Structures are given as structure tokens and as C-alpha cells.
Amino acid sequence: MPGFDFSKKDNFYVYLHIHPKTLEVCYVGKGRNKRAYKLTDRISRHKNWLDKLKKNNLKPIIKMISDNLTDEVKATAQDAIDKIVSGELEVERDYTLRD
């Protein structure tokens, strides 16, 4: 992916997994190395979603949204992700992603 240096050990980033047909953001994650592209070893709800895509010969769109995160920003991003996943924080899903 242009602009993202996966060779740096501590280069954390935030990424999205997006449904390829509906463009719905189905997963927000924080990772390093090539975690965004690793579609195995996921929580069960995300794994089930990925399995449904695979059955229909589809793959998620993977969108990198930030990189080179500091420890403070990493913690804030992870906190927001945890709140979204737990349902504590509602996310507006009525939009279309554009570059």
C-alpha cells in the first residue's frame, strides 16, 4: 500500500474493513505490520462476516486511515475501537467512503 511502511516494527495504524458491495464499514481495527490484510485469527463476529464474504467469492475492501501513531494516539484509537465494538459508542453508518 503506497504511503504505509510495513517494514517498521512499531508502525501502528488504524484501518477499516468495508463491505465490497454496500460500502458499509464493518470493522475498525488497529494494527501493525500487515495485520489489516490478515483475514484469519479474528474475533468470532468479524470471522463470521469474513466467512460470509468468502462464500460469495468476495473480499473486504481494506482502507488505511492513519499510520505512524504515537503511544497516546494508539491508546485513544484503541479506546474508540473498543467502545464501537462494545456498542458503547454509536457510529454514523449512513455515508459513502470516498478517497
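Model, not experiment: these values are computed from the prediction.

**Section: the confidence of the model for the protein chain**
Per-residue confidence for the protein chain gives a mean pLDDT of 75; residues scoring 70 or more make up 65%. Scored below 50 in pLDDT, residues 93–99 shows nine contacts in the model against residues more than four places distant or in partner chains.

**Some details on the sheet that holds strand E1 (residues 13–18)**
Strand order in the open sheet made by the three strands is E2-E1-E3, with antiparallel pairing throughout. Single-partner strands in this sheet number two, and they are strand E2 (25–31) and strand E3 (61–66). Sheet twist, expressed as the mean angle between neighbouring strand axes with direction ignored, is 25°. In terms of strand pairing, E1 meets E2 through six bridges, oriented antiparallel. Bridge pairing in E2 places Leu16 opposite Val28.

About the cut-offs
- Residues numbered from 1 in each chain as written.
- Predicted model: local features only at pLDDT ≥ 70, side-chain atom pairs only at ≥ 80, totals over all residues.
- Heavy atoms only, no water.
- pLDDT = per-residue confidence, 0-100.
- Contact = heavy atoms within 4.5 Å.
- Pairing = 2+ DSSP bridges.
- Helix = DSSP H or I, 4+ residues; strand = E, 2+ residues; numbered from the N terminus.
- Axes fitted to C-alpha atoms, helices over the stretch in contact; angles between N-to-C directions.

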